[in-house]
Protein chains: 2
Amino acid sequence: MKTKRQASDSCHYCQAPQQCFGAEIALDDKNPLVQETVLLKKGEILYHQQEKIQGIYLLKSGAIKTYWLNEQGRQTMGSFYLPGELLGFSSVSSHTYVENAQALRDTEVCRIAMPLLLNRVSKEPAYQTLLVNLMSASLARVEKARYAYIDTSATQKVAIFLVDYSQRLSKSLIDAASVNLLPTQQDMASYLGLTAETVSRTMTQFQRQGLVQFSQAKQMLKLDYAKLQTLMVNACSER
Amino acid sequence: MKTKRQASDSCHYCQAPQQCFGAEIALDDKNPLVQETVLLKKGEILYHQQEKIQGIYLLKSGAIKTYWLNEQGRQTMGSFYLPGELLGFSSVSSHTYVENAQALRDTEVCRIAMPLLLNRVSKEPAYQTLLVNLMSASLARVEKARYAYIDTSATQKVAIFLVDYSQRLSKSLIDAASVNLLPTQQDMASYLGLTAETVSRTMTQFQRQGLVQFSQAKQMLKLDYAKLQTLMVNACSER
DNA sequence: CGACTGGTTGATCTCCATCAATCCCTGTGG
DNA sequence: CCACAGGGATTGATGGAGATCAACCAGTCG
């Protein structure tokens, strides 16, 4: 099951408070913004859709995927979240989570309750701007993803995903040497609207062309950004 | 060119202030939240990508599409916006518009500058919650659109779009009798990641099956929601 | 009246889904 | 320690949904 820890401890001993959401806000020993940290083992669920919202989450380590189950039980992939990224904004207005969140590997998240956040933010205009900007950036990111993936070939989709994902990884605090970096090809396929077979074929093709290199444990090692970015834009002209 | 009108007039004589964003906030004759209204003729641009942000916009009448031009000049469709809907949140964090906004027909929008909005909102916690909820709802809407359209057939895509669009139309203040309701099939195709030919074929098929009826001027008249919604979920089982 | 934009319809081709078999790796239990 | 099971990845063969190319029509605007 999920393991929980009091925030006061957690924030106090946090390895990377400067990366925290509004560190200035969060780092107040008397009134910690983060109410608790949650430790998830690979595969565990952080929250289910339609559950009452408990707050938004900041990823401290690991990786989370969100997905949505329709009435027929069919699963649709939402997004992937990496350390330093915020999760759950889209559920705030409905007061219930609109999707499921599952740990892709052992993961640590910090929970921030919205009432507490809003209360804190209302006292300081600068923090209000910070919150609005964070939400705006989330929106821009989702819209940009839509732009990027619509009307593209399978090759382009995989290339775009690899570049975006690895750039986000490099921005994050993740210890690249010790973790299995990529989601499963099945999850990638689901996210991109492809099949696992197509993703597999594309990945092996990329390896043969030297665009991507992996370690034996399927960890992503190196990308040829220049060539991949050429692939991303040159739609059908590429043969 | 764009025609502008002082807000004090506009808000004062607005036909539908109760539909306005935070009407309680907006309707203050001394300090109007809406700084001006802009009248756009069909085809006119409300803003270009990379322009300095002037605020967010509330649609009063008409319709807007957003699109994005990449470095090669290829155009990718963003979204459609209908009366009562808010436009521009995703640009707030970057201080420049991240996309282009163009009027699909004669359109009237109200401009709300962010600094003014934030200032007003900071004085009243309830308004702060309202703003956060509006942004959260925008995010949820974009994510839901992603869920809805990924991994679906052309038939499903068009069905989903028609149902969603007409439901949003019915929520809006639009005068259904006097306007051409649908975007062009080219824009629909671009939004859905299809070609115009495929959309055309699907639409005529829907008409033959009696799922959709049009007037002679291509205005959408009537949808068979029940049957369309069956189409939306029954992926490949439908023949 | 042309010119142009948007819509319709048909023929062909291609990319990717589908189905199937096999392999590899990890974890589990006798 | 080995056998086995199960999930993920790989590779091949086949078929189909939708893109592409092309021709044509209808309404609209200068």
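Everything below is about the structure shown above.
Worth saying up front: this structure is predicted, and the values here are computed from it rather than measured.

A. Geometry of the pairing of strand β9 (residues 107-112) of chain A. Residue and element names in this part refer to chain A. The buried fraction of β9 is high, at 6 of 6 residues. When strand β2 (residues 34-40) meets β9, the two strands line up antiparallel, connected through 6 bridges. Pairing of Val34 across the sheet is with Ile112, part of β9. Examined bridge by bridge, strand β4 (residues 56-61) and β9 share 5 bridges and lie antiparallel to one another. Residue Ile56 lies in a different strand from β9, and its bridge partner there is Ile112.

B. Up close: unusual backbone geometry. Phi is positive for Asp151 of chain A, close to 60°, though the residue is something other than glycine. Summarising the element assignment, Asp151 of chain A is placed in the loop between α4 (125-149) and α5 (154-171).

C. Spatial organisation of the protein's contact with DNA strand C. The local shell around DNA strand C holds 18 residues, among which Ala154 and Thr198 of chain A together with Gln185, Ser200 and Arg201 of chain B are the closest. If you look at DNA strand C and keep only atoms within 4 Å of the protein, 60% of those are sugar or phosphate atoms. Thr198 of chain A places a polar side-chain atom, nitrogen or oxygen, 2.3 Å from a phosphate oxygen of DNA strand C. The side chain of Gln185 of chain B places a nitrogen or oxygen atom 2.9 Å from a phosphate oxygen of DNA strand C. At the level of elements, α7 (196-208) of chain A together with α6 (185-192) and α7 (196-208) of chain B are the ones that each hand at least two residues to the surface near DNA strand C. By residue number, the principal contributor to the surface near DNA strand C is α7 of chain B, which donates 5 residues.

D. Highlighting the protein's contact with DNA strand D. Taken together, the neighbourhood of DNA strand D is formed by 18 residues, with Ser200 and Arg201 of chain A together with Ala154, Thr195 and Thr198 of chain B sitting nearest. Counted by atom, the contact set of DNA strand D within 4 Å of the protein is 60% sugar and phosphate. One of the side-chain nitrogen or oxygen atoms of Arg201 of chain A is found 2.9 Å away from a base nitrogen of DNA strand D. Between DNA strand D and Arg201 of chain B there is a distance of 3.1 Å, counted from a base oxygen to a side-chain nitrogen or oxygen. When contributions to the surface near DNA strand D are tallied by element, the ones reaching two or more residues are α6 (185-192) and α7 of chain A together with α7 of chain B.

E. Just the packing of aromatic side chains, in detail. In total, this model carries 18 aromatic pairs over all chains according to the counting rule given. Between Phe80 of chain B and Tyr191 of chain B the ring centres are 5.3 Å apart and the planes differ by 55°, which places this aromatic pair in the tilted class. Residue Phe80 of chain B is located in strand β6 (residues 75-81), and its partner Tyr191 of chain B is located in helix α6; the two are separated by 111 residues in the primary sequence. Side by side, Phe80 of chain B and Tyr191 of chain B carry an identical accessibility label, which is buried. Put simply, the rings of Phe80, Tyr149, Phe161, Tyr165 and Tyr191 of chain A pair up and form one aromatic cluster. Looking at Lys65 of chain A, its charged tip hangs above the ring of Tyr67 of chain A, at a distance of 5.4 Å from the centre.

F. Local environment of the relation of the copies chain A and chain B. Once chain A is rotated about the relating axis by 180° and shifted along it by 0.0 Å, it coincides with chain B to within an RMSD of 0.0 Å. Such a combination of turn and shift is consistent with a two-fold rotation axis. Closest approach to the rotation axis among the C-alpha atoms of chain A is made by Leu139 of chain A, whose C-alpha sits 2.7 Å away. A share of 100% of interface residues in chain A that are also interface residues in chain B marks the association as one of identical surfaces.

G. Quick peek at the interface of chain A and chain B. The interface of chain A with chain B comprises 41 residues on the first partner and 41 residues on the second. Surface buried jointly by chain A and chain B totals about 3600 Å² across both partners, of which 60% is contributed by carbon and sulfur atoms. On the chain A side of the interface with chain B, the three residues burying the most area are Leu139, Arg146 and Tyr147 of chain A, jointly 20% of the side's total. Here chain A and chain B share 1 salt bridge between them. A salt bridge links Arg74 of chain B to Asp151 of chain A; the shortest N-O distance between them is 4.0 Å. Counting across the interface, chain A meets chain B through 17 residue pairs in polar contact (both at pLDDT 80 or more). When contributions to the side of chain A that touches chain B are tallied by element, the ones reaching two or more residues are β5 (64-69), β6 (75-81), α3 (114-122), α4 and α6 of chain A. The residue makeup of the side of chain A that touches chain B, split by class, is 21 nonpolar, 15 polar and 5 charged.

Here is what the cut-offs are and how they apply
- Residues numbered from 1 in each chain as written.
- Chains lettered and ligands numbered in written order.
- Predicted model: local features only at pLDDT ≥ 70, side-chain atom pairs only at ≥ 80, totals over all residues.
- Heavy atoms only, no water.
- Buried < 20%, exposed > 50% of the residue type's maximum accessible area, 1.4 Å probe, protein only.
- Helix = DSSP H or I, 4+ residues; strand = E, 2+ residues; numbered from the N terminus.
- Pairing = 2+ DSSP bridges.
- Near = heavy atom within 4 Å.
- Polar contact = N/O pair within 3.5 Å; in protein donor to acceptor, adjacent residues only side chain to side chain.
- Phe/Tyr/Trp six-rings, centres within 6.5 Å; stacked < 30°, edge-to-face > 60°.
- Lys NZ or Arg CZ within 6 Å of the ring centre and 35° of its normal.
- Least-squares fit on C-alpha atoms with pLDDT ≥ 70 in both.
- Contact = heavy atoms within 4.5 Å.
- Buried area = accessible area lost by both parts, 1.4 Å probe.
- Salt bridge = Lys/Arg side-chain N within 4 Å of Asp/Glu carboxyl O.
- Nonpolar A, V, L, I, M, F, W, Y, C, P; charged D, E, K, R; others polar.

The analysis is restricted to geometry; functional conclusions fall outside its scope.
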